Number of protein chains: 2
Amino acid sequence: MPNAEEPFQLALIQMPVSLDPDASLAHACGRVSDAADAGADVVCLPELFRSPYFCQSEDPANFDLAEPIPGPSTEALAEVATDAGIVIVAPIFERRGAGLYHNSLAVIERDGSIAGIYRKMHIPDDPNYYEKYYFTPGDLGFRAIPTSAGKLGTLICWDQWYPEAARLTALQGAPLLLYPTAIGWLPDEVGNDEGAAQRDAWMTVQRGHAIANNVFVAAVNRVGFEPAGGSGRDGIRFWGGSFVCDPQGRILAQAGDEEEILLATIEPARVEASRRAWPFLRDRRIDAFEPLTRRFLD
Amino acid sequence: MPNAEEPFQLALIQMPVSLDPDASLAHACGRVSDAADAGADVVCLPELFRSPYFCQSEDPANFDLAEPIPGPSTEALAEVATDAGIVIVAPIFERRGAGLYHNSLAVIERDGSIAGIYRKMHIPDDPNYYEKYYFTPGDLGFRAIPTSAGKLGTLICWDQWYPEAARLTALQGAPLLLYPTAIGWLPDEVGNDEGAAQRDAWMTVQRGHAIANNVFVAAVNRVGFEPAGGSGRDGIRFWGGSFVCDPQGRILAQAGDEEEILLATIEPARVEASRRAWPFLRDRRIDAFEPLTRRFLD
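Predicted model, so just to flag it, every value in this text is computed and none were measured. (Residues numbered from 1 in each chain as written. Chains lettered and ligands numbered in written order. Predicted model: local features only at pLDDT ≥ 70, side-chain atom pairs only at ≥ 80, totals over all residues. Heavy atoms only, no water.)

**Q** What is the right way to read the state of the cysteines from this model?
**A** In a disulfide, the sulfur atoms of two cysteines are held together by a covalent bond. Residues and elements named next belong to chain A. Counting across every chain of the model gives zero disulfides over all chains. Free cysteine: Cys29, not disulfide-bonded; nearest cysteine sulfur from Cys44 at 14 Å. The exposure class assigned to Cys29 is buried, which follows from its relative accessible area of 13%. (Disulfide = S-S within 2.5 Å. Buried < 20%, exposed > 50% of the residue type's maximum accessible area, 1.4 Å probe, protein only.)

**Q** Honestly, the interface of chain B and chain A in this entry has me stumped. Any pointers?
**A** Interface size is often expressed as the accessible area that is lost when the parts come together. The partner chain A presents 55 residues to the 55 residues of chain B that form the contact. Overall, the association of chain B and chain A removes approximately 5,400 Å² of surface from exposure, summing both partners, and the carbon and sulfur fraction of that is 62%. Of all residues in chain B, B:Arg285, B:Leu292 and B:Arg295 bury the most surface against chain A, accounting for 13% of the area lost on that side. For the pair chain B and chain A, the number of links is eight salt bridges. The residue B:Lys132 makes a salt bridge to A:Asp283 at a minimum N-O spacing of 2.7 Å. Of all the secondary structure elements, the ones that give two or more residues to the side of chain B that touches chain A are helix H4 (163-170), helix H5 (193-213) and helix H7 (280-283) of chain B. Looking at the side of chain B that touches chain A element by element, the count peaks at 12 residues for H5(B). (Contact = heavy atoms within 4.5 Å. Buried area = accessible area lost by both parts, 1.4 Å probe. Salt bridge = Lys/Arg side-chain N within 4 Å of Asp/Glu carboxyl O. Helix = DSSP H or I, 4+ residues; strand = E, 2+ residues; numbered from the N terminus.)

**Q** Could you clarify how one ought to interpret the packing of aromatic side chains in this entry?
**A** Where two aromatic rings form a pair, the distance of their centres and the angle of their planes describe that pair. All names here are of chain A. Counted according to the given criterion, the structure contains 46 aromatic pairs over all chains. On the basis of an interplanar angle of 80° and a centroid distance of 4.7 Å, the ring pair of Tyr133 and Tyr134 is categorised as edge-to-face. On the basis of an interplanar angle of 70° and a centroid distance of 5.7 Å, the ring pair of Trp202 and Trp239 is categorised as edge-to-face. Here the residue Trp202 occupies a position in helix H5 (residues 193-213), and Trp239 occupies one in strand S12 (residues 235-239), the gap between them amounting to 37 residues. With relative accessibility at 1%, the residue Trp239 sits in the buried group. Put simply, the rings of Phe54, Phe63, Phe93, Tyr101, Tyr133, Tyr134 and Phe135 pair up and form one aromatic cluster. Sitting above the plane of the Phe238 ring, Arg222 keeps its charged end 5.4 Å from the centroid. (Phe/Tyr/Trp six-rings, centres within 6.5 Å; stacked < 30°, edge-to-face > 60°. Lys NZ or Arg CZ within 6 Å of the ring centre and 35° of its normal.)

**Q** Is there a simple way to explain the nonpolar core in this structure?
**A** One finds A:Leu10, A:Trp161, B:Leu10 and B:Trp161 to be the most contacted residues of the largest nonpolar core, which totals 156 residues. With near-sequence residues (within four places) excluded, A:Leu10 lies in contact with A:Val42, A:Leu176, A:Leu178, A:Ala218, A:Val244, A:Leu262, A:Leu263, A:Ala264 and A:Ile266. (Core = buried A, V, L, I, M, F, W, Y, C linked by side-chain atoms within 4.5 Å.)

**Q** Hey, could you run me through the relation of the copies chain B and chain A in this one?
**A** Between the two chain copies there is a screw-like relation: a rotation about an axis and a shift along it. Once chain B has been moved 0.0 Å along the axis and rotated by 180°, it coincides with chain A to within an RMSD of 0.0 Å. The operation mapping one copy onto its partner corresponds to a two-fold rotation axis. Judged by C-alpha distance, B:Gly208 is the residue of chain B that lies nearest the rotation axis, at 2.6 Å. A share of 100% of the interface residues of chain B reappears at the interface of chain A, consistent with the copies meeting face to face through the same patch. (Least-squares fit on C-alpha atoms with pLDDT ≥ 70 in both.)

**Q** Would you mind going over the sheet that holds strand S12 (residues 235-239) of chain B with me for this structure?
**A** Hydrogen bonds along the backbone pair up the strands of a sheet, which may run parallel or antiparallel. All names here are of chain B. Pairing is antiparallel in the open sheet, where three strands are placed in the order S9-S12-S11. Only two strands of the sheet have a single neighbouring strand rather than two, namely strand S9 (184-185) and strand S11 (223-227). Sheet topology places S9 next to S12; two bridges connect them, and they run antiparallel. Across the sheet, Gly184 pairs through a bridge with Phe238, a residue of S12. (Pairing = 2+ DSSP bridges.)

**Q** What is the right way to look at the pairing of strand S10 (residues 216-220) of chain B in this model?
**A** In summary, the side chains of a regular strand alternate between the two faces of the sheet. Residue and element names in this part refer to chain B. S10 sits mainly inside the fold: five of its five residues count as buried. Here S10 shows no split at all, with Phe216, Ala218 and Val220 on one side and Val217 and Ala219 on the other all buried. As paired strands, strand S8 (residues 176-180) and S10 are joined by five bridges and run parallel to one another. Looking at S10, one finds that Pro180 is bridged to Val220. Two elements, S10 and strand S13 (residues 243-245), share three bridges in a ladder whose sense is antiparallel. When the sheet's bridge partners are listed, Ala219 is paired in S13 with Phe243.

**Q** Can you walk me through unusual backbone geometry in this structure?
**A** Glycine aside, a negative phi is what most residues show, and trans is what most peptide bonds show. A cis geometry characterises the amide bond from A:Ile69 onward to A:Pro70, with omega recorded as -5°. Among the structural elements, A:Pro70 can be located in the loop between strand S2 (42-44) and helix H2 (72-84). Not every positive phi belongs to a glycine, and B:Asn128 is a case in point at roughly 75°. Its location among the elements puts B:Asn128 in the loop between strand S5 (114-119) and helix H3 (131-134). For B:Asn128, a relative accessible area of 0% gives the class buried. In this structure, B:Asn214 is a non-glycine residue whose phi angle is positive, near 55°. Given a relative accessible area of 0%, B:Asn214 falls into the buried group.

By themselves, these are just geometric observations and shouldn't be taken as functional.
Spelled out as structure tokens, the structure:
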């Protein structure tokens, strides 16, 4: 395991999710071990990797899928982290208390301790993505979590569309922003121009965060088709496409739409080199940014 | 000329700049007329279109190139605007007072009046781009200028790397962000991977602003090679590549590296359609954005 500021190997676990949460957890642990065997220092799992994307419908029974932090998922993954000597970024459907749930992640250190948690700040709500029903918006703010591999900028899915979230995380000194994700197409978006434009926009906005902040960005998505259940819509085809890009937005590695462990080398020193060439942080007009705290400037 | 919220034709004047400011102004007036003849309702010129990119060296004599607003450039262009019944976005090296200069633009209405001005907020300073010597940072804030074609979000060049600038302009209700630009390669960046990555990053970060704000974005650059003069560096090859993209970041039109009038249809109604599909503005965590007004979160 390298020291902070040293290059490290990042692995993204692009995986399908089964109906059985225990099977998904066991599968994830196996894949994380495989990634460590392949040389990974830091391994990131997709959003809510332990369960089907239950937010396709609003069903109170789904709250039974939530668990505390620490809890069964972090305990199982802590064992893998300790055995392999790696850092794991583990998304968790968090039960914080009775009737209080978050879409969270825990960063697990190589000694099995929890280095920090992040609770998804931006909660979407769209047809088949009824997250506002399930998740209380995060109250920990944006976070760069210190680890033995350096600071990890942790965000989750819908956060990826918000330049403010990327900026506030990067300003804490993270050379890498990690976006565990669950995004895909509804059936009428698969294989057409609209669907392709959505996937391209998803990549482009995140590559834009890399460029604007001179940092590495990684997004890790699930794959496979998951039927909607009771909602009346057909379901979601998760598009995979997990990727890592450098501080100029150049793609270093990208997955297809099948299960895959995606590896890339993160070189934190390139952040400073990039900022010397493109000194964006020097010139931000912070004297004029207060209106960013307003909903609309009408 | 359409009413606000109606579709309109945008024209970007990608042009080379000669050593003679009067010749450049006459050339620009001619090209703007040509664009109007081609159906344009709103025409945007490149940054500092009236002069070579003098910021390649620091020379006090170059302040003689500055002019007031209103002044000779806005007067000449007001005549074109009136004749053609179009709105013109005209970058100006502004002499505001003795020893006080800005990198500005004036928006000229179809009746020849000045609808508003914008003064570049983010001022770069890099080898061959010594703008901090010439330009006082803007003190008008970010602006969406109301015109007979709707609100025009006006920004200039280095602003294009700042998500905060795009957001603050879009939040004022502009369906279109316009970036007059002067950007190119130093000789050792032409035709290699590094140069290509720079140009791609420049497009990507702006397409990212379109996506994050669900607005149209247009950038208009100059073309041609301009020697550096006394600075000892060889000069800049301006890369052209002016483009217009839609609220999903899709390229609607893009120029090559030669002189060109680029036309595209802007449909303001698509902004609301895009925000219904991707309701980013609904969910911004404005309660957590105050630290954006800080330089670094250390």
